[in-house]
Amino acid sequence: MTTLTDTPKPPLALRILGIVTLGGLGALTGYGVTQIALMRDQTWADSLATAMAVALLAIAALSIITLARRPSTVPRACGFLQIAVFLLAGAMLLLPMFGPAWANADVVFGGIVVLSVLQGVANLMLWRAADEMLRRIMAETAATAFWVLQTALFLYAAAERLGLVGTVSGWGLIGILMAVYLLASIVASARRGIH
């Protein structure tokens, strides 16, 4: 019987090629989002939130393709839950900016609250269904993001208190948090050989 530790890792050149390809796709996505932001005259916080939403939705789409190609013998529960988490996160970032024209702010916010609760439930279900490696990746991602953001927030807060920088809105901060969390997740997954 083959275990996960017996599975050989792809050659280094192939892994580098995969990283370069993903980086190129990320750059193209970023360029496209930037063009959309310029056309809509978005603030940097809206542009960042849009970029994070597009990235999350793109990851969900790639995950759907991966899940569809996975052998039927491999359990799919975690895959479906991860896709749900990505889709919900992307929707929650887009709704405040692109909510339906017929809905007022209260309705849009109510929708975001409902999506947030659903995502929380999906995350808990994902944690319970995850194997040890996925749980390690999730924990490592959270710890890395926490330490990076804690350090950055402290330095920024000190600079703001000294009058060296201006104040950043909560919306801008959530975009930064999502970017750091997404990068931490990619690094944690790559370290464990997950593609």
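Below is a summary of the structure that appears in this document. Everything numeric here is computed off the predicted structure, so don't read it as measured data. (Residues numbered from 1 in each chain as written. Predicted model: local features only at pLDDT ≥ 70, side-chain atom pairs only at ≥ 80, totals over all residues. Heavy atoms only, no water.)

**Regarding the overall build of the chain**
Argument step 1. On a plain count of helices and strands, the chain comes out with six helices and zero strands.
Argument step 2. Its helices and strands in sequence order give the chain the pattern α-α-α-α-α-α, from N to C terminus.
Argument step 3. Relative to its full complement of 195 residues, the chain shows a buried share of 24%.
Argument step 4. For the chain, contacts bridging at least 24 residues in sequence account for 71% of all contacts bridging at least 6.
Argument step 5. Total accessible area on the chain is roughly 12900 Å²; 72% of this is exposed by carbon and sulfur atoms. (Helix = DSSP H or I, 4+ residues; strand = E, 2+ residues; numbered from the N terminus. Buried < 20%, exposed > 50% of the residue type's maximum accessible area, 1.4 Å probe, protein only. Contact = heavy atoms within 4.5 Å. Areas by Shrake-Rupley, 256 points an atom, 1.4 Å probe, with all protein chains shown as cover.)

**Quick notes on the nonpolar core**
Argument step 1. If you look at the biggest cluster of nonpolar residues, it comprises 11 residues: A49, M52, A53, A55, L56, A89, L93, M97, M178, A179 and L182.
Argument step 2. Sorting the residues of this core by element identifies α2 (44–69), α3 (77–98) and α6 (170–191) as the ones contributing at least two each.
Argument step 3. Among the elements that make up this core, the one with the highest residue count is α2 (five residues).
Argument step 4. Not counting the four nearest positions on each side in its chain, M178 is found in contact with M52, L56 and L93.
Argument step 5. By size, the runner-up hydrophobic cluster in this structure holds six residues, among which are L81, L126, A130 and L134. (Core = buried A, V, L, I, M, F, W, Y, C linked by side-chain atoms within 4.5 Å.)

**Observations regarding the packing of helix α4 (residues 105–129) against helix α5 (residues 132–161)**
Argument step 1. Orientation of α4 relative to α5, taken along the N-to-C sense of each, is 135°, at an axis distance of 8 Å. For the element pair α4 / α5, the angle class is oblique. Of the residues in α5, those touching α4 at L126, W127 and R128 are L134, R135 and M138.
Argument step 2. In terms of residue class, the contact of α4 with α5 is built from four nonpolar, no polar and two charged. (Axes fitted to C-alpha atoms, helices over the stretch in contact; angles between N-to-C directions. Parallel < 35°, antiparallel > 145°, perpendicular 65-115°, else oblique. Nonpolar A, V, L, I, M, F, W, Y, C, P; charged D, E, K, R; others polar.)

**Digging into the environment of W171**
Argument step 1. Locating W171 in the fold gives a position in helix α6.
Argument step 2. Spatially, the C-alpha atoms of W171 and D46 are 7.8 Å apart, while their sequence positions differ by 125 residues.
Argument step 3. If we ignore the near neighbours within four places in the chain, the residues touching W171 are A45, D46, A49, L93, P96 and M97.

**Observations concerning a nonpolar patch on the surface**
Argument step 1. On the surface, a cluster of nonpolar side chains totalling about 470 Å² of accessible area is made up of F109, V113, V117, V121 and M125.
Argument step 2. Note on placement: V121 falls in helix α4.
Argument step 3. Overall, V121 belongs to the partly exposed group, its relative accessible area being 42%. (Patch = residues over 30% accessible without salt bridge, like charges linked within 9 Å, V, L, I, M, F, W, Y side chains within 5 Å. Salt bridge = Lys/Arg side-chain N within 4 Å of Asp/Glu carboxyl O.)

**Let's talk about the environment of R76**
Argument step 1. One can find R76 in the loop between α2 and α3.
Argument step 2. Relative accessible area serves as the criterion here: at 27%, R76 is assigned to the partly exposed category.

**Section: the packing of α5 against α6**
Argument step 1. Their axes nearest at 8 Å, the elements α5 and α6 cross at an angle of 135°. By the angle between their directions, the pair α5 and α6 is classed as oblique. For the element pair α5 and α6, the recorded crossing hand is right-handed. Of the residues in α6, those touching α5 at I137, M138, E140, T141, A142, T144, A145, V148 and L149 are I176, L177, V180, Y181, A184, S185, A188, S189 and R191.
Argument step 2. Along the lines of polarity and charge, the residues of the contact of α5 with α6 split into 12 nonpolar, four polar and two charged. (Left-handed = near helix turned anticlockwise from the far one by under 90°.)

**Some words on the pattern of salt bridges**
Argument step 1. Taken as a whole, this structure holds one salt bridge when the rule is applied.
Argument step 2. In this structure, R136 engages E132 in a salt bridge whose closest nitrogen and oxygen atoms are separated by 3.9 Å. Of the two residues, R136 and E132 are both situated in helix α5; the distance of four residues between them amounts to about one turn of the helix.

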